[in-house]
Protein chains: 2
Amino acid sequence: MATAARERTAAREAWRLLVELAFANKGRFVATMAEFDLTPVQGHVLRILEPERPLPMNDLAEALKCDASNVTGLVDRLEHRGLVERRAGARDRRVRELALTRDGVALRERVLHRMSEPPEAVARLSPADQRALRDILRRALDR
Amino acid sequence: MATAARERTAAREAWRLLVELAFANKGRFVATMAEFDLTPVQGHVLRILEPERPLPMNDLAEALKCDASNVTGLVDRLEHRGLVERRAGARDRRVRELALTRDGVALRERVLHRMSEPPEAVARLSPADQRALRDILRRALDR
DNA sequence: CTAGACAATTTAGTTTGTCAAGTATCTAGT
DNA sequence: ACTAGATACTTGACAAACTAAATTGTCTAG
């Protein structure tokens, strides 16, 4: 087998396994969010919305890769629950900037901490593998 | 910092990055499934359902971590599209076993191949990193 | 043979998602 | 300054994915 082909295969295989790991943990994610009375998407939004960094609704739609009209209802529910608030855009009165409320920030912290608990599959790796995995992923995500 | 704590941190950080990578690729997954006129969940089902290995509806619900009643409609739509068929359970007439049709098998193959195309973040890793990532994930998933 | 367990479905209701149309606001060109 | 078109968001209508509770048909233990 030619070198290029073998390396394409390594990347493919790595990604395949990564997808498998992700799918295997989807249920765990759903359950974790449910602990906080959040739907999966609401958890996702909480992750995207950083404290002290208001985000226009449009940008949230972009980040979620969904239609802007979907975000309206999504934010309605989060706002109704007091986790998020809509503020008038500073310069452009068309845009509504989303900001976490105090409760939102607090919940976000708890959720993120819980979400980053590694699953069995990762936890049982040797310490060396765990560090190697971390380092490779840092490079992949360009840190 | 104590050694144990530092290592817990490596696993945590690795998992955090992994989750980030997964979220960043959610949109890509949705778009890829859409190319085949599949919703994300339908893609997931196609992945779970292996050829020549009929699966009771209950087991599918288990694999999807969702209520059994949800699977009914899900399978209705896949069956209506001719990708899947319900068969009477061999021994127990209560269970309905799901099997891919010929079309289902063919589509599954195309979908899986497309799904395993690595994203930018993985593709740009050095060949050595790609192999290391693959090997670590194999160990994590116990291959 | 019957009581309870179990697999799947039905029904009613929520959330997430799309698309098309509407409203308010901004921006360029004249 | 005025207007035409773009842009940000909302609304309304509708499908898919989900849950919980009740129902139907089948199995299994006593």
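Before reading on, note that the structure itself is shown above.
Attention here is on the structure that accompanies the text. (Residues numbered from 1 in each chain as written. Chains lettered and ligands numbered in written order. Predicted model: local features only at pLDDT ≥ 70, side-chain atom pairs only at ≥ 80, totals over all residues.)

Here the focus is the relation of the copies chain B and chain A. Once chain B has been moved 0.0 Å along the axis and rotated by 179 degrees, it coincides with chain A to within an RMSD of 0.1 Å. Taken together, the rotation angle and the small translation identify this as a two-fold axis. Both copies present the same face, since 98% of the interface residues in chain B are matched by interface residues at the equivalent positions in chain A. (Least-squares fit on C-alpha atoms with pLDDT ≥ 70 in both. Contact = placed C-beta atoms within 7 Å.)

Further remarks concern the packing of helix α8 (residues 127-140) of chain A against helix α8 (residues 127-140) of chain B. The relative placement of two packed helices comes down to the angle between their axes together with the axis-to-axis distance. One way to put it is that α8 of chain A packs onto α8 of chain B with a least axis distance of 10 Å and a crossing angle of 135 degrees. Judged on the interaxial angle alone, α8 of chain B and α8 of chain A are oblique. The handedness of the crossing between α8 of chain A and α8 of chain B is left-handed. Residues Asp129, Ala132, Leu133, Ile136 and Arg139 of chain A of α8 of chain A form the contact with α8 of chain B, whose own contacting residues are Asp129, Ala132, Leu133, Ile136 and Arg139 of chain B. For the contact of α8 of chain A with α8 of chain B, a count of residues per class yields six nonpolar, no polar and four charged. (Axes fitted to C-alpha atoms, helices over the stretch in contact; angles between N-to-C directions. Helix = DSSP H or I, 4+ residues; strand = E, 2+ residues; numbered from the N terminus. Parallel < 35°, antiparallel > 145°, perpendicular 65-115°, else oblique. Left-handed = near helix turned anticlockwise from the far one by under 90°. Nonpolar A, V, L, I, M, F, W, Y, C, P; charged D, E, K, R; others polar.)

Turning our attention to the sheet that holds strand β3 (residues 96-100) of chain A. Residues and elements named next belong to chain A. Read from one edge of the open sheet, three strands run β1-β3-β2, paired in antiparallel fashion. A single partner strand is all that each edge strand has here, and the edge strands are β1 (55-56) and β2 (84-88). Relative to β3, β1 is paired through two bridges, and the arrangement is antiparallel. Each bridged residue has a counterpart across the sheet, and for Leu55 the counterpart in β3 is Leu98. Each of β2 and β3 is contacted by helix α5 (residues 68-80), which is oriented at about 115 degrees to β2, the strand it contacts most. (Pairing = 2+ DSSP bridges.)

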